[in-house]
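What the coordinates show
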Amino acid sequence: MFLSQKLQRLITPCLASICFMLNMLPVSLRAQTPDAALPRQADLDAFFSEKPLGYTLGEQSTTFRVFAPRASAVTLVFFTKLADTEGRSVAMKKNDDGTWEHTEAQAAQKLVGTYYAYRVVGPTGASPKEAFDARVLIGDPYSRAVATKNTVKHEARTLILDPKFDAAYDWQGDKPVIAANHNDLVIYEAHLRDLTAHSSSGIQAKGSFKGLAEQGKKGGLAHLKSLGVNAVELLPIHEFANIEPEENLYRRNYWGYMTSFFFAPESYYASGASLKSEEWSGADGRVVKELKDLVKTLHRENIAVILDVVYNHVSETNQNSLKFIDKFYYFHTDSAGKYIATSYCGNDFKTDRRMARRLIVESVKYWMTEFHVDGFRFDLAAMIDRETCEEIAREARKINPNVVLIAEPWGGNKYSPALFSDVSWAAWNDQIRNGVKGQNPHDGLGFIFGKYQGKNTKASLQAFINGTLREDGGLFLKKEHSINYVESHDDETMGDFIRVALGDNTMQGRITNLDKHIRLTPKQLAVNKLAALFLFAAQGPVMIHAGQEYARSKVIQPMAGVKDTNAMKLDRNSYNKDDNTNYLNYAHAVANKSLVEYYKGLIALRKRYPNAFGSASKQDIQFLDASNDEAPALAFRVQNRSSRSIAEAKSFLVILNSNPAKPLQFSLPAGSWSVVANQDTVSPMKTLSKMQGNISVPASSGMILAEM
């Protein structure tokens, strides 16, 4: 599983076709004889139920219901304590629609705080390639809270929640805060633990939902507020398989892209939680309340909450409930009955099966109604069938018309950003990422290094500024569908990309002085600022990754008990490290304060002039002639249609010089021009200087001038 996940995280969309041939060719050459005992797809497609699933608390009774259409028997097992190895077993009754149910005739309050699980018996004469196993206890797929054992198998028991944590939670009038105009979004992508786990954060409940809600500390929420971002996109926080086999040197899945339960928050993110081997996490369900408290706190600060969700695959190694309920119903399999893993991460989820689609859509709706989340980023979304994508959009917008739906528009050997724009989703724009930064730091450099990456031209760079619109040969019907970014959790951080591209570090070189390494050189700082300026000048929503604002470096930290020969080298795939390799070190933000302040200024500039930076129409943007030898250069004028008084800017002039060695000579249009951003500072509220006539833009830098 470690190797397959690592492959996926290293693969970029432009290599998808090559990866398809390398991974699929052996399968096509291998003779496979269909097993007559395996179920027919048409028969599986016929199964469907509209009955409520999971448990339903009543005043005098509680009903339990699970969908297992091909099972010959299902047993419901109750546990009073997690330590119990034997529980009270009850045979469930099968309905005609493939559901099994049992009504427990006792006051619901007596069940609160107890646990249950299922045993599923397969059909008589089932093929040995089936995954049914009555020896295995599985949690309810519709668990709203779950206790899990800290093992590779990730054994689970569903917790019956106290209503005050669940439906009776006091939201105190909270509502989603996502902006109606998604072009105004400045998204901060981050891992929940990264934000608060480092000692420099000053947070008490480190690495937890509760910790991120703490006010007035150096890191966490205080840092988000100081930057001015208006949305946080959390890496997966659904309950996931944390522990991995020994092939993974660190035995950990840290990022969370191995969802086990689609309705339950990750119990490791509760205050006081640990992953001590063989112990249970999530015993009391506090994580549900603490996550709701966090969402409410973020909303009070006008920060929207976007969840990274994984509906395309599950882990290969853990006891995911859906495998034991019906492998062939819920997962893609080949003619020999084996799981298919074109995700390169695990067992591919069959999203087009009707009850699988229902689970996905109900999960999305649940997180919106019960946790008030503002939007979702869908991992490897190209693996989700179109009908499911359309239904997600329809149902989610009934709850909140402003909900933001973002696709990672590749996966399963597919690349389809345009398709998501067609169904009114946004998508990560990897084309602006590659055009601005580059595809790799070795031989795939982009604009900020004075290069045209791949097939990029001045015309494509101009198209990025306009929002990568389809009318310009781009991907999207609307600019709000283009999530513009230059760094995400995958691959090198932008800070490390620049360090390597400039020749200051190599991926194989060992860092001997971390304090010196993280401090930006003048050239590194200039290139980082140029990337930020391009990104925030482009129309459409913006996403930055945690630590991008201080050129975060991921250096593999030595860990007791782990013999990693790559210790103190740069890490481009840190998915398995729950340590200081990933945690945000806020002392590093102080060391690179100049870059942090530059990002703060750009965010403030966007907020003050949204119609010029984010929402400008193509007709309001005029590109001007700018050239500097063979290095790309851009200059454009954008009208400020939001001007409310004579003191505000009528238009802005943006000049970007990528030449690493030579200043750009530029003749300003007639008028009175005030500098609001240069190579050093961004000042949306105060003019830095006034200019007219011929100006010089330093190498590897940019400038924004306002026409007053």
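Attention in this report is confined to the structure presented alongside it. (Residues numbered from 1 in each chain as written. Predicted model: local features only at pLDDT ≥ 70, side-chain atom pairs only at ≥ 80, totals over all residues. Heavy atoms only, no water.)

The next point concerns the pattern of salt bridges. According to the stated counting rule, one finds 39 salt bridges in the structure shown. For K618, the salt bridge identified is with E471, shortest N-O distance 3.5 Å. Taken together, the residues K618 in the loop between α17 (593–608) and β27 (621–623) and E471 in the loop between α12 (458–466) and β25 (482–484) connect sequence positions 147 residues apart. Across the pair R572 and D491 runs a salt bridge, and its minimum N-O distance is 3.2 Å. With R572 in the loop between β26 (542–545) and α16 (586–591) and D491 in the loop between β25 and α13 (494–501), this residue pair connects regions lying 81 residues apart in the sequence. A relative accessible area of 14% places D491 in the buried class. A single salt-bridge network, built from bridges that share partners, covers D308, R377, D379 and E408. (Salt bridge = Lys/Arg side-chain N within 4 Å of Asp/Glu carboxyl O. Helix = DSSP H or I, 4+ residues; strand = E, 2+ residues; numbered from the N terminus. Buried < 20%, exposed > 50% of the residue type's maximum accessible area, 1.4 Å probe, protein only.)

Glancing now at the packing of helix α15 (residues 522–537) against α17. At a minimum axis distance of 10 Å, the contact between α15 and α17 shows a crossing angle of 10°. One element, α15, and the other, α17, form an angle in the roughly parallel class. Between α15 and α17 lies a crossing whose hand is right-handed. Residue-level contacts link L525, N528, K529, A532, L533, L535 and F536 of α15 to S594, L595, Y598, Y599, L602, I603 and R606 of α17. Grouping the constituent residues of the contact of α15 with α17 by class yields 10 nonpolar, 2 polar and 2 charged. (Axes fitted to C-alpha atoms, helices over the stretch in contact; angles between N-to-C directions. Parallel < 35°, antiparallel > 145°, perpendicular 65-115°, else oblique. Left-handed = near helix turned anticlockwise from the far one by under 90°. Contact = heavy atoms within 4.5 Å. Nonpolar A, V, L, I, M, F, W, Y, C, P; charged D, E, K, R; others polar.)

Aromatic ring pairs are reported here in terms of the distance separating the ring centres and the angle at which the planes meet. Counted according to the given criterion, the structure contains 35 aromatic pairs. For the ring pair W410 and Y415, a centre distance of 6.2 Å and an interplane angle of 15° mean the geometry is stacked. Take W410: its relative accessible area is 9%, and that puts it in the buried class. Relative accessible area serves as the criterion here: at 33%, Y415 is assigned to the partly exposed category. The structure contains a cluster of three or more aromatic residues connected by ring pairs, namely F67, F262, Y311, Y329, Y330, F331, Y339, F349, F376, F378, F420 and W425. In this arrangement the basic side chain of R157 is found over the ring face of F79, its NZ or CZ atom lying 3.8 Å from the centre. Lying over the aromatic face of Y329, R353 brings its terminal NZ or CZ to 5.3 Å of the ring centre. (Phe/Tyr/Trp six-rings, centres within 6.5 Å; stacked < 30°, edge-to-face > 60°. Lys NZ or Arg CZ within 6 Å of the ring centre and 35° of its normal.)

With that settled, consider the sheet that holds strand β9 (residues 156–159). Read across the open sheet, the 6 strands follow the order β4-β3-β7-β9-β8-β14; overall the sheet is antiparallel. Bordering the open sheet on either side are β4 (88–91) and β14 (280–281), each of which pairs with just one other strand. Across 2 bridges, strand β8 (residues 146–149) lies against β14 in antiparallel orientation. Pairing of K149 across the sheet is with W280, part of β14. (Pairing = 2+ DSSP bridges.)

Here we come to α13. The buried fraction of α13 amounts to 8 of the 8 residues, a majority that puts the element mostly inside the structure. Inspection of α13 places M494, G495, D496, F497, I498, R499, V500 and A501 among the buried residues, and these make up the whole buried set. Looking at the buried residues of α13, the elements they touch are β23 (438–440), β24 (444–445), α14 (514–518), α15 and α17. Downstream of α13 by one or two residues, G503 has phi in the positive range, about 85°.

Side chains V404 and I406 project from strand β19 (residues 404–407) onto one buried face, and the interleaved L405 and A407 project onto a second face that is buried too. Summarising the sheet, strand β18 (residues 375–378) and β19 pair through 4 bridges and their orientation is parallel. Bridging from a neighbouring strand, F376 pairs with L405 of β19. Taking the sense of rotation as the criterion, the β-α-β connection linking β18, helix α9 (residues 386–399) and β19 turns out right-handed. Strand direction decides the pairing type here: β19 and strand β22 (residues 426–429), joined by 2 bridges, are parallel. Along β22, the bridge assignment pairs I406 with A426. (Right-handed = clockwise from strand over helix to strand, strands pointing away.)

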